[in-house]
Amino acid sequence: MTDTAAPPPDSPEPTADTEPRRCGLIAIVGRPNVGKSTLLNALVGQKVSITSRKAQTTRHRITGIATEGTTQFVFVDTPGFQTRHTSRGTTALNRALNKTVQSVLGDVDLVVFVVEAGRFGLDDAKVLALVPPGKPVLLIANKLDLVQRRAELAPWLKSMGERHAFAEYVPLSSKREDDAKRLLKVIEAYLPEQPWYYDEDAVSDRSEKFLAGEMIREKLFRLTGDELPYTSTVVIEKFDEEPGHSGGRFMKIAATIIVERDGHKGIVIGDGGERLKRIGTEARTELEKLFDAKVFLELWVKVRSGWADDEARLKSYGYE
Ligand SMILES: Nc1nc2c(ncn2[C@@H]2O[C@H](COP(=O)(O)OP(=O)(O)OP(=O)(O)O)[C@@H](O)[C@H]2O)c(=O)[nH]1
């Protein structure tokens, strides 16, 4: 006979069953390229948001979820606050992105504001200005590994305190696992006692279709470097699952890479189609790992001039 042993009444360590659960929403904000996606990945412990060296590659709101002990952290990653102005002025895309940031910040329990340690510019100030008054904000001084003179950090942190009443200051390097663990502990105290929103093992509430688009986009930007403007995007045209031969999963995915000019099309395709082939192969390999499936991936490139200015089209591409 199996018996479930009850914990001793005077158990010294509170367990996940006895301690109240905490759960809350956290927004990671900051100007482009400060390391928001890298931080989110470190906190969630899995590649959810896609990082790249290119600024402004995080366009969608991405939710990362970490469950540690009795607490569930639900991260809402916001797009890079757009300070770039094109020759045509602020585009519809930029306006949509800024609206997203403001609506996210209204909802969260805690704002994690990321800057590069020792630096604070106009772009950073513009993001900070979007935080509603009274919302607790942690200042993350990221890329600490790049700071040569640590002694200069203390006066800088003091000057930051004069700009805004930050709840706490956390200098760290998003690339270090220990730092991410320490940050989770700091964040925990700001989350309300309430039931978890998601299952314990959830890491993202984004669909596989969304993740497929993100993966292709990451390969596109990584393999084209700085040659391709950030207005290029990826649209998933087909996302079908069919029964595989040996009982495994088999997915058929077709995607279109949308660029603004003919010249950009050439960049994506490369000499004799070499680059497009590589984007496809690398994306497929990673998607097969991510979905634990055999993947058939078809990629197309199309030119849609001025798509970033077209509100209706933006909507159909999923940027609301
Ligand atoms: N040395 C160092 N580099 C970092 C650190 N954190 C992030 N980076 C690098 O900074 C670059 C930008 O990082 P991302 O995480 O993509 O930045 P982001 O803020 O999400 O950028 P957007 O998507 O443009 O908003 C990448 O090349 C990262 O590898 C860090 O702690 N130390």
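As the structure is a prediction and not an experimental result, all values here were calculated from the model. (Residues numbered from 1 in each chain as written. Predicted model: local features only at pLDDT ≥ 70, side-chain atom pairs only at ≥ 80, totals over all residues.)

A. Focus on the overall build of the protein chain. Per the secondary structure count, the protein chain includes 9 helices and 9 strands. When each of the 320 residues of the protein chain is scored for burial, the buried share is 32%. (Helix = DSSP H or I, 4+ residues; strand = E, 2+ residues; numbered from the N terminus. Buried ≥ 20, exposed ≤ 12 C-beta atoms within 10 Å, placed from the backbone.)

B. Highlighting the environment of Leu220. Inspection of the secondary structure puts Leu220 in helix H6 (residues 208-224). Once residues within four sequence positions are removed from consideration, Leu220 is found in contact with Ser232, Val234, Ile257, Val268 and Ile279. (Contact = placed C-beta atoms within 7 Å.)

C. Here's a closer look at the environment of Arg119. Along the polypeptide, Arg119 turns up in the loop between strand E4 (110-116) and helix H3 (122-128). Given 16 C-beta atoms within a 10 Å radius, Arg119 is considered partly exposed. For the pair Arg119 and Leu157, spaced 38 residues apart in sequence, the C-alpha separation works out to 10.0 Å.

D. Region of the structure containing the nonpolar core. Ranked by internal contacts, the top residues of the largest apolar core, which has 37 residues, are Ile26, Ile28, Leu43, Val112, Phe113 and Ile140. Elements that contribute at least two residues to this core include exactly strand E1 (22-29), helix H1 (36-44), strand E2 (62-68), strand E3 (71-77), E4, H3, strand E5 (137-142) and helix H5 (177-188). (Core = buried A, V, L, I, M, F, W, Y, C linked by C-beta atoms within 7 Å.)

E. Region of interest: unusual backbone geometry. Unusually for a residue other than glycine, Asn33 sits at a positive phi of about 75°. Turning to its location among the elements, Asn33 is positioned in the loop between E1 and H1. The backbone phi angle of Lys143 is positive, close to 60°, even though this residue is not glycine.

F. The arrangement of the sheet that holds strand E9 (residues 293-303) in detail. On the basis of which strands lie adjacent, the open sheet formed by 3 strands has the order E7-E8-E9 and mixed pairing. With one partner strand each, in any of the chains shown, strand E7 (233-243) and E9 form the two edges of the open sheet. Strand-to-strand twist of the sheet, defined as the mean angle between neighbouring strand axes without regard to direction, takes the value 15°. Relative to strand E8 (residues 249-259), E7 is paired through 10 bridges, and the arrangement is antiparallel. Residue pairing for E8: Asp240 is matched across the bridge by Lys252. Packed onto the sheet, H6 meets E7 and E8 and runs at close to 130° relative to E7. In this fold helix H7 (residues 262-269) packs onto E8 and E9, with an angle of close to 150° to the strand it touches most, E9. (Pairing = 2+ DSSP bridges. Axes fitted to C-alpha atoms, helices over the stretch in contact; angles between N-to-C directions.)

G. Structural view of the pairing of E5. Burial analysis of E5 places 5 of its 6 residues in the buried class, the great majority of the element. In this sheet, E5 lies alongside E4 in parallel orientation, the contact comprising 6 bridges. Residue pairing for E5: Val111 is matched across the bridge by Val137. The parallel pair E4 and E5, bridged by H3, forms a crossover whose chirality is right-handed. Pairing geometry for E5 and strand E6 (residues 168-171), over 4 bridges, is parallel. (Right-handed = clockwise from strand over helix to strand, strands pointing away.)

H. Just the packing of H6 against helix H8 (residues 274-291), in detail. Where H6 meets H8, the axes come as close as 9 Å, and the angle between the chain directions of the two elements is 140°. Here H6 lies oblique to H8, going by the angle between them. When you trace H6 past H8, the crossing you get is right-handed. Along the contact surface, H6 presents Glu208, Leu211, Ala212, Met215, Ile216, Lys219, Leu220 and Leu223, while H8 presents Arg275, Arg278, Ile279, Glu282, Ala283, Glu286, Leu287, Leu290 and Phe291. (Parallel < 35°, antiparallel > 145°, perpendicular 65-115°, else oblique. Left-handed = near helix turned anticlockwise from the far one by under 90°.)

I. Broad picture of H6. With 17 residues, H6 should cover 24 Å at 1.5 Å per step; its first-to-last C-alpha distance of 24 Å lies within 8% of that length. All of the buried residues along H6 are Ala212, Gly213, Glu214, Met215, Ile216, Arg217, Glu218, Lys219, Leu220, Phe221 and Thr224. At its buried positions, H6 is contacted by E7, E8, H7 and H8. Just beyond H6, the residue with positive phi is Gly225, at close to 60°. (Expected span 1.5 Å × (residues − 1).)

J. Looking closely at the environment of Ile257. Relative to the helices and strands, Ile257 is located in strand E8. Sequence-wise, Ile257 and Ile236 are 21 residues apart; in three dimensions their C-alpha atoms are separated by 8.8 Å. In this structure, Ile257 is in contact with Leu220, Ser232, Val234, Val268, Leu299, Trp300 and Val301, ignoring residues within four places of it in sequence.

Nothing here speaks to function; it is all geometry.
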